Amino acid sequence: MRFTHGLLPLLLLMATSLVAAPSAPASAAQTSLRLTAFSPANAYSNTAAFYALGPKPAASPAAQAAARHILDQLRIFGVTNASLDSFESPSPSGLQTFCNVLATIPAAPSAPSPAPLLLLGAHYDTKIGISDQFAGANDSASGVGALLEIARVIALHPLRHEVRLAFFDGEEAAIAYAPNDGFHGSQHLAATMLKNEEIPRLSAMILLDMIGDASFSLTLPANTDHDLRKLALAAATDEDCRSAVSLLPYGMSDDHIAFQQLKVPAIDLIDFEFGSAPGKNDYWHTPADTLDKISPDSLKKSSKIALRIAEALDARLPAPVPAESSGFVRPFLKTGLYAIAILLLLLGLLGCLIPALPGPPLAYAALLVLQCHPSHPYSLTFLIISGLLTVIVTIADMIAPSWLTKKAGGSRWGTWGSVLGFLVGLIFFPPFGFLIGCLLGAFLGEILASHSSKSAKKSAPVLSALAAFAGFLLGTGLKLLLCLYFCLQSLHFWH
Ligand SMILES: [Zn+2]
């Protein structure tokens, strides 16, 4: 990275300092499973192992090997969804192949859907041209070692954010920072996430760079997100290291810039006082950047500040849906409503055959009961039309049979005969036995009627039976059809 001067950042810084200083209440008791699980020893051994790999100049075979090492470590630490992302990018020596290591840790089940994203990054390449042996203990092994431990901890205790981990290649400039020199990895990832429409889901980008200096300090650049900077200061207070965190009066060009340019809130957790005395940065990009300058405690403080920022962002997400309404009440409500609806539908079907029970209105009531479910399964139009049909069929049933019977000289005997015949036919000779049963029943009913009737005017039993049959179909048939239709509509709701 490099620093960038400017009056505006300085003014912003002064404003921030005024706001940030009193807004960092101590809450020392605050801790979490992740903070407890974080192991400074692991972070340190990760750093040492990565440092031991030797120099990793950007876009080099050594960098490729380092990328594979990170990938292997991620998988060992339970981050199974990890891969290498090789890409070509123009550099001062022409088109070169760089390689990011990317990983995803799925969000906890209680996360909103779709889960927001949180990007945690560190570059792994080392500066070229310092010495043949330059392996960058602080710049870059510390960031890699800390991020690997952070990854292990989050994989163990997922956040309510989906976490993306990025180990960037090509952060260091081969010659000097220019559009084709430096930040290759972060620029490539930002462009990829933009293309994949993931940028709007990104809550924040947290960058770890040079964070292992045994003489711990964090120098937050002026060009990091104001809100994230406040969270970092609050986190430092909670980690009891607030006095070691300061705000730089200038900005830094680093891997967070590519995301900042896409309006993603980004913060660069960096210790730019890596030197032989407080305030000095004379170890940076020199052969003095060796493992003996790194301490587990500094890795812990930086990492826990990053974790606390992540947890603070998590805490801002909408509260998870309470378990009782999603897990118990809703299914119970559905079962309860359905039980009432089934009872009403059965009574409705029975009511089509028994004059005492109003069939279609009871079946229609079943639909209204189901409509009480929070999902409101039926449209208003459907309910109005169904209601009108219920009224029409009920009225038709009251008028049609008696009108037809009168017209054709049929009797009550015929009507009852058709009902009984219908039932016998339906039960003993399915599926169409009810038609013949109904007709036969009506005929037998009319025969009985003609024998018992004392009326002088006797009509032909066949004609009366046909009238009773037609009346039955018009009345009971229509009612049955409508009730069966309502039954089908209720089934739809259950599925
Ligand atoms: Zn560097």
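Refer to the structure above for everything that follows.
Now for a quick tour of the structure. (Residues numbered from 1 in each chain as written. Predicted model: local features only at pLDDT ≥ 70, side-chain atom pairs only at ≥ 80, totals over all residues.)

Attention now goes to the overall build of the protein. For the protein, the helix and strand inventory stands at 15 helices and 10 strands. Sequence separation of at least 24 residues holds for 77% of the intrachain contacts in the protein that already meet a minimum separation of 6. (Helix = DSSP H or I, 4+ residues; strand = E, 2+ residues; numbered from the N terminus. Contact = placed C-beta atoms within 7 Å.)

On to the nonpolar core. One finds Leu-147, Ala-151, Ala-232 and Leu-269 to be the most contacted residues of the largest nonpolar core, which totals 97 residues. Per element, the largest residue contribution to this core is 10 residues, and it comes from helix α5 (residues 137-156). Grouped together as the second largest cluster of nonpolar side chains are 17 residues, Ala-341, Leu-367, Val-393 and Phe-486 included. (Core = buried A, V, L, I, M, F, W, Y, C linked by C-beta atoms within 7 Å. Buried ≥ 20, exposed ≤ 12 C-beta atoms within 10 Å, placed from the backbone.)

Attention now goes to the environment of Leu-84. Tracing the backbone through its elements, the reader meets Leu-84 in strand β2 (residues 82-91). The partly exposed category is assigned to Leu-84, around which 15 C-beta atoms lie within 10 Å. Put simply, Leu-84 and Leu-102 are 18 residues apart on the chain and 6.2 Å apart in space, counted from C-alpha to C-alpha. If we skip the residues at most four places from it in the chain, Leu-84 touches Ala-67, Leu-71, Cys-99 and Val-101.

Across the sheet, 6 strands lie side by side as β2-β3-β5-β4-β6-β10; this open sheet has mixed pairing. Strand pairing shows two members of the sheet lacking a second neighbour, β2 and β10 (266-270), which therefore form its edges. When strand polarity is set aside, the average angle formed by the axes of neighbouring strands in this sheet is 20°. Of the strands in this sheet, β3 (94-105), β4 (117-123), β5 (162-168) and β6 (202-209) touch α5, which is tilted by about 150° from β4. (Pairing = 2+ DSSP bridges. Axes fitted to C-alpha atoms, helices over the stretch in contact; angles between N-to-C directions.)

Between its first and last C-alpha, helix α13 (residues 412-428) extends 24 Å over 17 residues, near the 24 Å set by a 1.5 Å rise per residue. Every buried residue belonging to α13 is among Trp-413, Gly-414, Thr-415, Gly-417, Ser-418, Val-419, Gly-421, Phe-422 and Gly-425, and all of these are buried. (Expected span 1.5 Å × (residues − 1).)

In this section: the pairing of β4. It is a general feature of regular strands that their side chains alternate between the two faces of the sheet. The buried fraction of β4 is high, at 7 of 7 residues. Covered by surrounding structure in β4 are Leu-117, Leu-119, Gly-121 and His-123 together with Leu-118, Leu-120 and Ala-122, the residues of both alternating faces. Note on the crossover from β4 through α5 to β5: the handedness is right-handed. Alignment of β4 against β6, held across 5 bridges, turns out to be parallel. Residue pairing across strands places Leu-117 opposite Leu-202, the latter belonging to β6. (Right-handed = clockwise from strand over helix to strand, strands pointing away.)

Bringing the pairing of β3 into the picture now. In this structure, β2 lies alongside β3, joined through 10 bridges in antiparallel fashion. In the strand pairing of β3, Asp-85 is matched with Asn-100. Adjacent in sequence and paired antiparallel, β2 and β3 are bridged by 2 residues. Pairing between β3 and β5: 5 bridges, direction antiparallel. Each bridged residue has a counterpart across the sheet, and for Leu-102 the counterpart in β5 is Ala-166.

Further remarks concern the packing of helix α7 (residues 226-238) against helix α9 (residues 296-315). At a minimum axis distance of 9 Å, the contact between α7 and α9 shows a crossing angle of 120°. The orientation of α7 with respect to α9, classified from their angle, is oblique. Helix-helix and strand crossings are classified by hand; for α7 and α9 the assignment is right-handed. Contacts from Leu-228, Leu-231, Ala-232, Ala-235, Ala-236 and Asp-238 in α7 reach Ile-305, Arg-308, Ile-309 and Ala-312 in α9. For the contact of α7 with α9, a count of residues per class yields 8 nonpolar, no polar and 2 charged. (Parallel < 35°, antiparallel > 145°, perpendicular 65-115°, else oblique. Left-handed = near helix turned anticlockwise from the far one by under 90°. Nonpolar A, V, L, I, M, F, W, Y, C, P; charged D, E, K, R; others polar.)

Another point: α9. When the terminal C-alpha atoms of α9 are compared, their 28 Å separation across 20 residues agrees well with the 28 Å that a helix rising 1.5 Å per residue should span. Burial analysis of α9 places 15 of its 20 residues in the buried class, the great majority of the element.

Let us now look at unusual backbone geometry. The phi angle of most residues is negative, glycine excepted, and most peptide bonds adopt the trans form. Here the bond from Ser-113 into Pro-114 is cis, since omega is -5°, no more than 30 degrees from zero. For Pro-114, the location among the structural elements is in the loop between β3 and β4. For Phe-183, which is not a glycine, the phi torsion comes out positive at approximately 60°. Along the chain, the position of Phe-183 falls in the loop between β5 and α6 (184-195).

This part covers the packing of α5 against α9. Remark: α5 packs on α9, axes separated minimally by 10 Å, with the N-to-C direction vectors making an angle of 55°. Between α5 and α9, the interaxial angle falls into the category oblique. Our pair here, α5 against α9, has a crossing hand that is right-handed. Residues Ser-142, Gly-145, Ala-146, Glu-149 and Ile-150 of α5 form the contact with α9, whose participating residues are Leu-299, Ser-302, Ser-303, Ala-306 and Leu-307.

Treat this as a map of the structure, not an account of what it does.
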